[in-house]
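Here is how the chains run, residue by residue.
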Amino acid sequence: MAVSGFTIVRNATLLDFPLEASLASVLPAVDEMVVNVGVSDDDTLARVHAIGDARIRVVESRWNPERGTAMLADETQRAMAACRCPWGIYIQADEVLGDGGAAELRSMIERHDSDRKVEGVLVDYRHFYGGFDAVATNRKWYARETRALRLDIDARSYRDAQGFRVGPEQRRIRCVPSSAVIYHYGWARPAWALSAKRSEDATFDAARRAQDAARPLLPWIPGIKPFAGEHPAAARAWIAERRTAAPLIAPFRPQWHHLRLVASGWIEQSTGWRPFAYRNYARI
């Protein structure tokens, strides 16, 4: 059973993505790794080539900011279309698959390949926020998402490329859970990288531009919890270079919408049910 990996990346240095760690965490599971590299203002393309793994196949592209957040889905679709294998494993440039995750996803694909009811495999998420020692857990942060899927089911990258749907009717993809974990570092990067991300987002998202102008770089949110586990081995050197004692999360400032998040968090803690959670998948 052959498996492709695929990802998209642009301006990885300017935005401080853990690009090498991200790719290294997936490569043990795949027979090829398609990297859609958008035209960048830095050395992103050179960094991908410098990894020097024969399985990496670069697709160079020019991204269209006029598409807004759909641009990310467009480019993910481009990467997925370039894959040559019947299954694909997707990772974003600010994500790192946890130790053992590559073997777990490969095993799950091989186990369920003959069962066409299974279209994808879920991974659990750790969303780091304001640094590498705290995670965001309220219901606005997805607890799991599809990161391995069949590539022959008309799967389509959905909205801002968080997940996938099937066909023009946008049916939820049918997935089985796994023990694999993805560590999401997009909101753990240094302040200068988060500021650069905000500036880049503002070029193609007018609504976000107006919203960001009125709020701190990292506002306080309900459900921030300490992280006491181990980070993936592939990411530890990158993390060690970025640890800082400077607080990135703004001081506590209550908002009315926080009440809904606090209430749903209490329900989840008490019952195990995550109310109003957004899902791109149907768990089977």
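The structure displayed is predicted, hence computed values, not measured ones.

J.: Is there a simple way to think about the side chain of Asn11 in this case?
T.: Tracing the backbone shows Asn11 in the loop between strand 1 (3–9) and helix 1 (19–26). Take Asn11: its relative accessible area is 4%, and that puts it in the buried class. Looking at Asn11, its side chain comes within polar contact range of the main-chain nitrogen of Asp41, at 2.6 Å. Setting aside residues no more than four positions away along its own chain, Asn11 makes contact with Ser40, Asp41, Asp42, Thr44 and Glu200.

J.: Hey, could you run me through the environment of Ser22 in this one?
T.: By secondary structure assignment, the location of Ser22 is in helix 1. Along the chain, Ser22 and Asn36 lie 14 residues apart, while their C-alpha atoms are 14 Å from each other. Excluding residues within four positions of it along the chain, Ser22 makes contact with Ile91, Gln92, Ala93, Glu95 and Val96. Only 3.2 Å separates the side chain of Ser22 from the backbone oxygen of Gln92, close enough to count as a polar contact.

J.: Honestly, the nonpolar core in this entry has me stumped. Any pointers?
T.: Soluble globular proteins: nonpolar side chains tend toward being buried together. Counting 34 residues, the largest nonpolar core has Val9, Val30, Met33, Val35, Ile89, Leu97 and Leu105 as its most contacted members. In contact with Val30, other than residues within four places in its own chain, are Val3, Ser4, Gly5, Arg55, Ile89 and Arg106. By size, the runner-up hydrophobic cluster in this structure holds 20 residues, among which are Phe6, Ala79, Ile153 and Tyr281.

J.: Got a minute to help me understand helix 4 (residues 101–112) in this structure?
T.: For an α-helix, the turn length of 3.6 residues means that residues three or four places apart are oriented alike. Between its terminal C-alpha atoms helix 4 stretches 16 Å, which fits the 16 Å expected from 12 residues at 1.5 Å a residue. For helix 4, the set of buried residues is Gly101, Ala102, Glu104, Leu105, Arg106, Met108, Ile109 and His112.

Criteria and thresholds
- Residues numbered from 1 in each chain as written.
- Predicted model: local features only at pLDDT ≥ 70, side-chain atom pairs only at ≥ 80, totals over all residues.
- Heavy atoms only, no water.
- Helix = DSSP H or I, 4+ residues; strand = E, 2+ residues; numbered from the N terminus.
- Buried < 20%, exposed > 50% of the residue type's maximum accessible area, 1.4 Å probe, protein only.
- Polar contact = N/O pair within 3.5 Å; in protein donor to acceptor, adjacent residues only side chain to side chain.
- Contact = heavy atoms within 4.5 Å.
- Core = buried A, V, L, I, M, F, W, Y, C linked by side-chain atoms within 4.5 Å.
- Expected span 1.5 Å × (residues − 1).

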